[in-house]
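Below are the chains, spelled out letter by letter.
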Amino acid sequence: MDKTSCRLTVFFENPFWVGIIECNEDGKLTVSKITFYKEPKDYEIRNFILKKYNQLNFSPAVENVVIEKQKSYKKRQRDVRKQVQLQGVGTKSQQALKLQHDQSKSEHILQNKKQKELDKMRLFALKQQKKKEKQESLLMAGTVAFSIVAAVAIFMVLPYFLSSLMKPIVPSYHLRTVIEGFVRIGIFIIYILLISRMEDIQRTFMYHGAEHKCINCIEHGLPLTVENVRNSSRQHKRCGTSFLFFVLAISIILLLLIRVESPLMRVVVRIVLLPVIAGVSYEVLKLAGNSDNPVVNLLSKPGMAIQKMTTSEPDDGMIEVAIQAVEAVFDWRAYEAENFKTAEDL
């Protein structure tokens, strides 16, 4: 019958105290190394073995056939004294510890290799993401640049060349400039009619209408509810559509006042004056939004009429979205309490 025996050897291995547990079972030797750091007491060793023995990591087993011989009493005493004086472990235990070390080293190398592969994949994914973001950024910049150039070409340069074709029939520069302005407005209206046939743009115009209805509801002192918003007008004097109409209309006036003879300079003047035209148009729009003067209302009517094409009646879901958007950026209750003396807890 095979027997199992275990032996614990504690010794100082600079700079720590360590323990080696050697277990011999069925001719197989397994070893576990324990680091105690400081010199352990007997009771500390006992408690450690009782509580953490099952958690010890033993080495792979090595052959260790022990042939027991009958020993005399004096021989057994000499063996005991030798074991007391012995520090360290036997050759078989050293072999077992080396196997455990080699196994741990192999696992560590494999783990490091896997981690490097993961880091490499993560770095590659990060580079791809940055590359994609850069491409999207360049694409967006290119789209914006193309849109600006196309808008200037279509709404400023093209009307000039079309009106220039009428020079044999209409020799007057001022009359051709007026015709150019109306051609520009006509192109703008045709552009709106064309894009309004797209399904996504139609939904955009519905949300545009919901936005106007919310602002009109607030500016009339009504609580911002779905019913009140639904009953409000979808047209507003300060709309961007009205701003664009003022840009087109005011460009006629400024171009009538500034005349140059060179065809090339006329194109340059139309482009260079765009910021000036936009600034004047903004001030006119701001005045129109804060005034009920009959003349100002009359000037606002063309822009309000074009808004019928750029806004549509929204459904209740879109109205709720518009209400949430307004409440996220504007305290309409405080505004109404200040301007209409309503309760802030509406």
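Our subject is the structure that appears above.
Procedures and definitions
- Residues numbered from 1 in each chain as written.
- Predicted model: local features only at pLDDT ≥ 70, side-chain atom pairs only at ≥ 80, totals over all residues.
- Heavy atoms only, no water.
- Helix = DSSP H or I, 4+ residues; strand = E, 2+ residues; numbered from the N terminus.
- Contact = heavy atoms within 4.5 Å.
- Core = buried A, V, L, I, M, F, W, Y, C linked by side-chain atoms within 4.5 Å.
- Buried < 20%, exposed > 50% of the residue type's maximum accessible area, 1.4 Å probe, protein only.
- Salt bridge = Lys/Arg side-chain N within 4 Å of Asp/Glu carboxyl O.
- 1 Å grid on protein atoms, 1.4 Å probe; cavity = no way out; pocket = protein on both sides within 12 Å on 5 of 7 lines; lining within 4 Å.
- Points joined across faces, edges and corners; volume = space filled by probe spheres on them.
- Nonpolar A, V, L, I, M, F, W, Y, C, P; charged D, E, K, R; others polar.

A.B. asks: I tried to follow the environment of Gly19 on my own but got confused; where do I start?
C.D. replies: Assignment of secondary structure puts Gly19 in strand E2 (residues 16–25). Separated by 21 residues in sequence, Gly19 and Pro40 have C-alpha atoms that sit 9.6 Å apart. Not counting residues within four places of it along the chain, the set of residues in contact with Gly19 comprises Leu8, Thr9, Val10, Ser32, Lys33, Ile34 and Phe36.

A.B. asks: Please clarify how the nonpolar core should be interpreted in this entry.
C.D. replies: As a rule of thumb, nonpolar side chains are buried together in soluble globular proteins. In this structure, Phe188, Phe245, Phe246, Ile250, Leu273, Ile277 and Ile306 are the most contacted members of the largest nonpolar core, which totals 17 residues. Elements represented by at least two residues in this core include exactly helix H4 (173–195), helix H7 (240–257) and helix H9 (274–289). Sorting elements by how many residues they give to this core places H7 first, with seven residues. Contacts of Ile277, omitting those with residues within four sequence positions, involve Val247, Ile250, Ser251 and Leu254.

A.B. asks: Explain the pattern of salt bridges to me, please; I cannot follow it from the model alone.
C.D. replies: Side chains bearing opposite charge may pair, as long as their charged atoms lie close to each other. A full pass over the atoms with the stated rule returns 12 salt bridges. The partner of Arg270 in a salt bridge is Glu180, with the nearest N and O atoms 2.7 Å apart. Here Arg270, found in helix H8 (residues 263–272), pairs with Glu180, found in helix H4; they are 90 residues apart in sequence, far enough to count as distant. Residue classification places Arg270 among the buried positions, given a relative accessible area of 2%. Residue Glu180 is classed as buried on the basis of its relative accessible area, which comes to 1%. The partner of Arg259 in a salt bridge is Glu261, and the shortest N-O contact between them spans 3.7 Å. Given the relative accessible area of 58%, Glu261 is considered exposed.

A.B. asks: What am I meant to see in the layout of surface pockets here?
C.D. replies: In this approach a probe as big as a water molecule rolls over the atoms, and the regions it shows empty are the leftover space. When its volume is computed, the second largest pocket comes out at roughly 390 Å³. Every residue lining the second largest pocket is counted, 17 residues in all, and those nearest its centre are Ala151, Phe155, Phe188, Leu244 and Leu248. Residue assignment for the lining of the second largest pocket shows that the elements contributing at least two residues are helix H3 (91–164), H4, helix H5 (199–219) and H7. It is H7 that provides the largest number of residues to the lining of the second largest pocket, a total of five residues. Residues of the lining of the second largest pocket, tallied by class, amount to 13 nonpolar, four polar and no charged.

A.B. asks: It is not clear to me how empty space enclosed by the protein should be interpreted in this structure. Could you clarify?
C.D. replies: Applying the stated criterion across every chain, the model contains one cavity of 30 Å³ or more. If you add up the space inside the largest cavity, you get close to 40 Å³. Residue lining of the largest cavity: Tyr160, Ser163, Ser164, Tyr173, Arg176, Thr177, Glu180, Arg266 and Arg270, and that is the complete set. Elements with a contribution of two residues or more to the lining of the largest cavity: H3, H4 and H8. It is H4 that provides the largest number of residues to the lining of the largest cavity, a total of four residues. The class makeup of the residues in the lining of the largest cavity is two nonpolar, three polar and four charged.

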